[in-house]
Amino acid sequence: MLFKFPTASQAREDEVTPHGLYLSRRALIGGGAAALALGGTAFPLDARAATFQVPTTRKPADAALDTVTPIKSATTYNNFYEFGTGKADPADGAKALRTRPWEITIDGEVAKPLTIGIDDLLKVSMEERIYRLRCVEGWSMVIPWIGFPLAELLKRVEPTGNAKFVAFQTLMDPERMYGQKSWVLEWPYTEGLRLDEAMHPLALMAVGMYGEILPNQNGAPIRLVVPWKYGFKSIKSVVKITLTKTQPPTAWNRSQPREYGFYSNVNPEVDHPRWSQATERRVGDFSRRKTLPFNGYGDEVASLYTGMDLRVNY
Ligand code: MTE
């Protein structure tokens, strides 16, 4: 399952990564004794010890402007409120997260509901996608994810004609996810997409990043990545996916509906009630840069919203 995207934005990771870093990373990936064979089913049983060797099929839209964020920043500056609200909290707190055994259930408006263990899911072919991540707070990163299209999983359960939306749910485990004992959000963390958004080839289920298994603080063992939407749509540590007839409730929208809508497409023209969304700061940079509509993926996704008022459907 190797997806090709014949757009102007196609290039290899070494074109957006400082060369020395690229070579050292490739050496690391290539040296992984249990690396996933290209196109392969030969994934190791203990995937936690593995690195990946997979084809890169995506890069950010503008190679001249986008440099891959150092792994250190992407793994120490996080939002994962189950482990506290500070940016540095998840890197330490999420060490408590138990990612085995781990099952995902896909149910609801489907012909073939499925519960699958993470190690079976890891046997599907993976690819690397380098995406921008734009947080609603005004910072951004560029991250090389490893994963597979969400559409592949959804096709497998055969959505019925009634399925119009897809609801996602994070693990509920207040003993280890101590943030779930607070009232910051209604737990478990939930998110949702319209079915056509979920089926879009850019929507990814990520199980790794930077050529390695996904660190706990980034949403291990499996998370959603929707690069044209604000980062909070990219729900971490997913245990349940339910296809629904109606728009599902989502954690941030429930908590502050005026501030966080269901769609949450990156939109520099619609300000957050408390701050502008016109610009962003790439983590590691001093200056701010202009935010791009749909985070720069408009050519591919704008048609999903034809005829919709995106100021109303924010
Ligand atoms: N998923 C869960 N379960 N809990 C969270 O607090 N935070 C979201 C999103 N997914 C969050 C979550 C937000 S606000 C952002 S910006 C991204 O994760 C951050 O992803 P990162 O920490 O891997 O950069």
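What counts, and at which threshold
- Starting from 1, residues in each chain are numbered consecutively following that chain's sequence as written.
- Totals for whole chains, interfaces and linings use all residues, but because this is a predicted model, local features are given only for residues with pLDDT of at least 70 and pairs of side-chain atoms are given and counted only at 80 or more.
- By convention in this description, side-chain values take in all heavy atoms of the structure and omit both hydrogens and water.
- Helix numbers and strand numbers start at the N terminus; a helix is a DSSP run of H or I with at least 4 residues, a strand a run of E with at least 2.
- In this scheme, a residue with accessible area under 20% of its type's maximum is buried, one over 50% is exposed, and one in between is partly exposed, where area comes from a 1.4 Å probe on protein chains only.
- What makes two residues a contact is simply this: any of their non-hydrogen atoms within 4.5 Å.
- Each accessible area is a Shrake-Rupley estimate made with a 1.4 Å probe; only the visible protein chains count as cover when residues are assessed.
- Stacked, tilted and edge-to-face are the three classes applied to pairs of Phe, Tyr and Trp rings, where Trp contributes its six-membered ring and a pair requires centres within 6.5 Å; stacked means planes under 30 degrees apart, edge-to-face means over 60, and tilted covers the rest.
- Cation placement over rings: the criterion is NZ of Lys or CZ of Arg within 6 Å of the ring centroid and within 35° of the ring normal.

Caption draft 1: Structural context of the overall build of the chain. What the chain contains, in helices and strands, is eight helices and 13 strands. Considering the chain as a whole, with its 314 residues, one finds that 56% of them fall into the buried category. Within the chain, residue pairs in contact and separated by at least 24 positions form 71% of the contacts whose partners lie at least 6 positions apart. Here the chain displays about 13,300 Å² of accessible surface, and carbon together with sulfur accounts for 55% of that area.

Caption draft 2: Up close: the packing of aromatic side chains. All told, the structure shown has eleven aromatic pairs when counted by the stated rule. Measuring from ring centre to ring centre gives 5.4 Å for Y81 and W252, while their planes differ by 75 degrees; the resulting arrangement is edge-to-face. Of this pair, Y81 sits in the loop between α2 (71-74) and α3 (89-93) while W252 sits in helix α7 (residues 251-255), and the two are 171 residues apart along the sequence. There is no split in this pair, since Y81 and W252 are both buried. Each member of the aromatic cluster is reached from another via a ring pair, and the members are F165, F262, Y263, F294 and Y305. The ring of Y297 carries R132 above its face, with NZ or CZ at 5.8 Å from the centroid. Positioned above the aromatic ring of F262, the side-chain terminus of K233 is 4.4 Å from the ring centre.

Caption draft 3: Region of the structure containing the environment of A251. The topology assignment puts A251 in helix α7. C-alpha separation for the pair A251 and T190, spaced 61 residues apart in sequence, amounts to 5.1 Å. Dropping the residues within four chain positions of it, A251 is found in contact with L185, Y189 and T190.

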